[in-house]
Amino acid sequence: MLKSKSFVKKTRTGKVMKIVREHYLRDDIWCGSEVCGECAQECGVLQRDARMESSLCSFPHYLLPDTNVVLHQIDVLEDPVIRNVIILQTVLQEVRHRSAPIYKRLKDLINEKERYFYTFTNEHHRETFIEREPGESANDRNDRAIRVATKWYSQHLNKSDADGLNVVLLTNDQGNKQKAEESGLLAYKFEEYVKGLIANPELMDLLSLSNDDKNDITSSKVLFPEHLPLSRIQAGIKSGSFIQGTFKASRENYLEATVFIQKDDEDGTEVLIQGLQNLNRAVHKDVVAVELLPSSQWVAPSSVVLQDVGAAKDDGDEEEEQALGSSEGVADKKLTGKIVGIIKRSWRPFCGMLNVSQIKESTRHIFTPADRRIPRIRIVTRQSSTLAGQRILVAIDGWPKDSRYPNGHFVRSLGPAGEKDTEEEVLLLEHDVPHQAFSKAVLSFLPKMPWCIKPEDMVVREDLRHLTVCSVDPPGCTDIDDALHCRELGNGNFEVGVHIADVSHFIRPGNALDKEAACRGTTVYLCGKRIDMVPELLSSNLCSLRSNVERLAFSCIWEINQEAQIVKTRFTKSVINSKASLTYAEAQMRIDDTSKNDDVTKSLRGLNKLAKILKKGRIEKGALTLSSLEVRFHMDSETHDPIELQTKELMETNSMVEEFMLLANISVAQKIYDEFADCALLRKHPAPPPSNYDILLKAAKSKAVHIHTDSAKALADSLELAKVDDFPYFNTLLRILATRCMMQAVYFCSGMDRDFHHYGLASPIYTHFTSPIRRYADIIVHRLLAVAIGADCTYPDLTDKHKQSALCNNLNYRHKMSQYAQRASVAFHTQLFFKTRGILSEDGFVLMLRKNAIIVLIPKFGLEGTVFFDGKDKRGTSLVFDAEAPSLTVEQHTFHIFDRVKVTITLDDSNIQHQKIRMALTEPVIPGVSVPVPDAGPQAKKAKLDR
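Residues numbered from 1 in each chain as written. Predicted model: local features only at pLDDT ≥ 70, side-chain atom pairs only at ≥ 80, totals over all residues. Heavy atoms only, no water.

### Quick word on helix α23 (residues 776–788)
Just so we agree on the cut-off: In DSSP terms, a helix is any run of H or I states spanning at least four residues, a strand is any run of E spanning at least two, and both are numbered starting from the N terminus. In this analysis, the expected span of each helix is defined as 1.5 Å times one less than the number of residues it contains. The classification of residues rests on relative accessible area computed with a 1.4 Å probe and restricted to protein chains. Under 20% of the type maximum is buried, over 50% is exposed, and intermediate values are partly exposed.
In a regular helix each residue adds 1.5 Å, so 13 residues correspond to 18 Å; α23 covers 19 Å between its end C-alpha atoms and thus fits that length. Counting buried positions along α23 yields 13 of 13 residues, so the element is predominantly enclosed. One or two residues past the end of α23 sits G790, with phi positive at roughly 75°.

### Let's talk about the sheet that holds strand β34 (residues 879–882)
Put simply, the rule reads: Note on pairing: two strands pair once DSSP finds at least 2 bridges between them. To get an axis, fit a line to the C-alpha atoms, keeping to the stretch in contact for a helix; angles then go from 0 to 180 degrees between the N-to-C directions.
What the 3 strands build is an open sheet, ordered β34-β35-β36; its pairing is antiparallel. Every other strand in the sheet has two partners, leaving β34 and β36 (893–896) as the edge strands with one partner each. On average, each strand axis in the sheet is tilted by 15° relative to the strand beside it, whichever way the strands run. For strand β35 (residues 887–890) and β36, the ladder comprises 4 bridges, and the chain directions are antiparallel. Following the sheet pairing, L888 is matched in β36 by F895.

### Looking at the packing of helix α3 (residues 89–98) against helix α5 (residues 138–158)
Stated precisely, the cut-off is as follows: Residues count as neighbours in contact if any of their non-hydrogen atoms are within 4.5 Å of one another. Each residue is assigned to one class: nonpolar for Ala, Val, Leu, Ile, Met, Phe, Trp, Tyr, Cys and Pro, charged for Asp, Glu, Lys and Arg, and polar for all the others, Gly among them.
In contact at an axis separation of 9 Å, α3 and α5 are set at 145° when each is read in the N-to-C sense. Taking contact as the criterion, the partners of T90, V91 and E94 in α3 are, on α5, N139, R141, N142, A145 and I146. Taken together, the residues that form the contact of α3 with α5 break down as 3 nonpolar, 3 polar and 2 charged.

### Some points on the sheet that holds strand β11 (residues 287–292)
The sheet built from 5 strands is open, its strands ordered β10-β9-β8-β11-β12 with antiparallel pairing. Two strands in the sheet have a free side with no partner beyond their single neighbour: β10 (269–274) and β12 (337–344). Going across the sheet, the axis of each strand differs from the next one's by a mean of 40°, ignoring polarity. Pairing of strand β8 (residues 243–249) with strand β9 (residues 256–261), which is carried by 4 bridges, proceeds in the antiparallel orientation.

### Side note on the environment of E586
Let me state the cut-off plainly: Any N or O atom pair separated by 3.5 Å or less is treated as a polar contact, with the protein-specific requirement of one donor-capable and one acceptor-capable atom, and with residues adjacent in sequence counted only for side-chain atom pairs.
By secondary structure assignment, the location of E586 is in helix α17 (residues 584–592). Taking the C-alpha atoms as reference points, E586 and M743, separated by 157 residues in sequence, lie 35 Å from one another. Here T583 takes part through its backbone nitrogen, which lies 2.9 Å from a polar atom of the side chain of E586.

### Concerning the packing of aromatic side chains
Note the threshold: In this analysis, rings of Phe, Tyr and Trp, with Trp reduced to its six-membered ring, are considered paired at centre separations within 6.5 Å, and the interplanar angle assigns stacked below 30 degrees, edge-to-face beyond 60, and tilted for intermediate values.
For the structure shown, the criterion picks out 18 aromatic pairs. For the ring pair F727 and F845, a centre distance of 5.5 Å and an interplane angle of 20° mean the geometry is stacked. Here F727 is found in the loop between α21 (712–721) and α22 (730–741), whereas its partner F845 is found in strand β31 (residues 840–849), with 118 residues between them in sequence. In this structure, F727 and F845 share a single accessibility class: buried.

### Structural notes on the confidence of the model for the chain
What counts here: Every residue carries a pLDDT, the predictor's confidence in it, which falls somewhere between 0 and 100.
On average, residues of the chain carry a pLDDT of 88, and 90% of them reach 70 or more. Scored below 50 in pLDDT, residues 310–323 makes 30 contacts in the model with residues more than four places away or belonging to other chains. Here residues 934–947 is modelled with pLDDT under 50, and outside its nearest four sequence neighbours on either side it reaches 13 contacts, counting other chains as well.

### Observations regarding the state of the cysteines
What we call a disulfide is simply a covalent bond connecting the sulfur atoms of a pair of cysteines. For clarity, the cut-off: Throughout, a disulfide means two cysteine sulfur atoms within 2.5 Å of one another.
Taken as a whole and assessed by the stated rule, the structure comprises 0 disulfides. Cysteine C527 remains unbridged, with the sulfur of C477 as its closest cysteine sulfur at 16 Å. With relative accessibility at 14%, the residue C527 sits in the buried group. The cysteine C749 is free of any disulfide, with C679 supplying the nearest cysteine sulfur at 6.2 Å.

### Comments concerning unusual backbone geometry
Of the consecutive residues M449 and P450, the connecting peptide bond is found in the cis state with omega at -5°. Tracing the sequence through the fold places P450 in the loop between α14 (440–443) and β18 (461–463). The backbone phi angle of K285 is positive, close to 80°, even though this residue is not glycine. Of note, K285 is situated in the loop between α10 (276–279) and β11. On the basis of relative accessibility, which here comes to 36%, the residue K285 falls in the partly exposed class.

### Quick notes on helix α15 (residues 512–520)
Those residues of α15 not exposed but buried are L513, D514, E516, A517, A518 and R520. Where α15 begins, the capping side chain belongs to N511, and its oxygen is found 3.1 Å from the backbone nitrogen of L513. Directly after α15, the chain includes G521, whose backbone phi takes a positive value near 75°.

### With respect to the packing of α15 against helix α24 (residues 801–835)
Stated precisely, the cut-off is as follows: Should an angle fall under 35 degrees it is called roughly parallel, over 145 degrees roughly antiparallel, and 65 to 115 degrees roughly perpendicular, with every other angle called oblique.
Contact geometry of α15 with α24 gives a least axis separation of 8 Å together with a crossing angle of 55°. Considering the angle they form, α15 stands oblique to α24. Side by side, α15 and α24 meet where A518, C519 and R520 of the first sit next to L807, N810, L811 and R814 of the second. Of the residues belonging to the contact of α15 with α24, the class tally is 4 nonpolar, 1 polar and 2 charged.

### Quick word on the pattern of salt bridges
We apply this condition: Throughout this description, the term salt bridge denotes a Lys or Arg side-chain nitrogen within 4 Å of a carboxyl oxygen of Asp or Glu.
With the rule as written, the count across this model stands at 47 salt bridges. Salt-bridge contacts for E495 lead to R487; the nearest nitrogen and oxygen are separated by 2.8 Å. Overall, the relative accessible area of 37% leaves R487 in the partly exposed class. Linking K612 and E652 is a salt bridge whose minimum nitrogen-to-oxygen distance equals 3.2 Å. Here the residue K612 occupies a position in helix α18 (residues 599–620), and E652 occupies one in helix α19 (residues 652–675), the gap between them amounting to 40 residues. Exposure remark for E652: the relative accessible area of 36% places this residue in the partly exposed category. If you follow the salt bridges from partner to partner, you end up with D75, E78 and R105 in one network.

Now the structure itself:
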């Protein structure tokens, strides 16, 4: 033992513990090289013949990168060309401390046998461990430890028959490099080494820009204020002069953003940021420090839709700054601030396309991200001709104060823009959806086939195979989570059962399969494709409650009287055999067909009858019935292109299934909370703040309709009564707008929150139990319920409220990203649908108003689009926007929310990356406002004639 250190630590519960740390050194730590005859006890990791085609190093050599090289050049290190790399324990620990994503990527590299990355535990090797000297910084000590380990390796390998084998230290720190060379070590800057690789010039594009390179491509003019050092930021936050929050860039206006400030025991607040200098180089999702401006400088959010489509220049744009009008009333002004520093960057590789420089043979180009909230990025690449028209990944390296845009580097190509596979990859990457194939480690925990129910599986189960159970799902559904049964009892009551796939039987806590499902959090449904949370053997086979096969289930069974009141509830693990797998339409046809009277149909009729009573009761308690337009694509069987687009129609059977799923979720929520008051995984829906309803109230008022928002019941009742003569669609539009006012429902741990209420369902407690094939939250709820009824054992993480809360945070993030990815998939397929349709003319309604545009909803397609009006200069259209009404007057015509309009719809594919559905107003006809009619092309014109 080298040394022992003891100290006291206060735990979360307030107890004081004595901690003793001992540091041991060893003589038997292996160097990992095949050539070593001194310490090789097992098969070598680092190869004997470690040659690279290099103008700098023509001899065999191992690479030893320092921490900053790993952190900033991981994209190059991941290239298959780079092999035989020594990763010191010092470097690994620093990377782990400074960047969790890069640490994971590095660990994946180390685990790839064919890459020959070896971890050397230098901090426990007697000859490579060093103590920190008095007055030496931790960083300088680590640099010295890296040099000492490099020297030891060189001397150690020279003792063996190494045939000129050497160790190359890679560092971009000039001081570290100089000290290494003075010690007789072979050291290169990383860029220097990569440039010397003769056969791999493409690696130059992957290089993260060094500070020297950054200076080359920026101007001498300072465009942004200096970021404050972290020490001043921390002091400012402590004193209250600065606030910490998460930066959220606007999609509609690149000169505007908000910073979300989370407050203890509160929902948090938002600070408005406007103008390039106040935004001060923050990027979407960065954690930033904000200084509030004096109230005299507070402004209102801009109602102008403003995209950054100008040339890539390095100066402020005064015209653009003027577009941030702040002429709204005082009441509309928001808390306003400016960014003074960056606390944590949340950069990731961004998808997008290259804007090739007009300068011939230039290597400097501008990259435009697919996500409009991300600024354009300057990159250096020698492959511009190849990359033009491709979707590519680019990483940001830094953002100097004298550059309008950040600097970055090329990571990899994703494929030709516009192709379905490429665009699908883009939307999955942009929404951080894990979509890689399941690893061997994950698949190793799947049951061996052929699988059957064993006698030991029946120990804690009830045999319900005799019941008339059936499932009702959308067409083509293969991951069937739930099935139902209903039968009349001798006392005149009904027995109703909700039977849910017992996924937790197959996925045991803590193994690789469980960890992967927890990471993914949810199945993601794209148009024509599904990204499974669990492997297909489970999702579409062993867990799916298909008809006429025996399946393991978790059942919630009630005795319900004729008034749909619950008399008794019980939960049991079970075995079922579904008698039918029906679509909503098939189930509806059985219910409506009076000639059918079989057991499945009787069961469905009983369920439907009770469901109507349950729904009526929920609505009377204040549950909301909102509306959103979902679309369904009919795909060509060969090309898989959308050939028809229509809004989904809901039937009685949709509502029937929904009612019993809600009832099961509520029943299970109460049971697990009763048993586990501190660690139940629940789901809540917060009530919206009153300000969220502003647009709804103004829209209703414009049609002389009064909406009350004091409670969910008041809102539900007033929505039910909201009608306008000769305008039957008005109520649907109002409910669509009301949906936009709602907060996001979230998972939480019961021991970490006091507010359980689900606003939309008007339920005091709620959880998710009914979809464990596609939601990890439901698996945890199944485990809690199984312990509660004595059907399974608990484990430490299940009853740790802090770990449950951290899990809920990940699940909330994954569900949100899944929703965004699904919307992006619908948007892309909508564009494909309109690509060959030419110019369509459709009826629509004004849904929202902006200073220079109206947002129009087309009910036929469930489609929203923006009609812009040019009001930029004196020669343009006369526009008057009234935020209070709200109204927009264009020339002599005034638009209000819900006004009927007629528009032309066409696909604008002039920008292949940001293809848009364009809408142009045809009715009402406004004098002086021209209707742009794009050139539809011969194919589109033919489509128009075919109509």
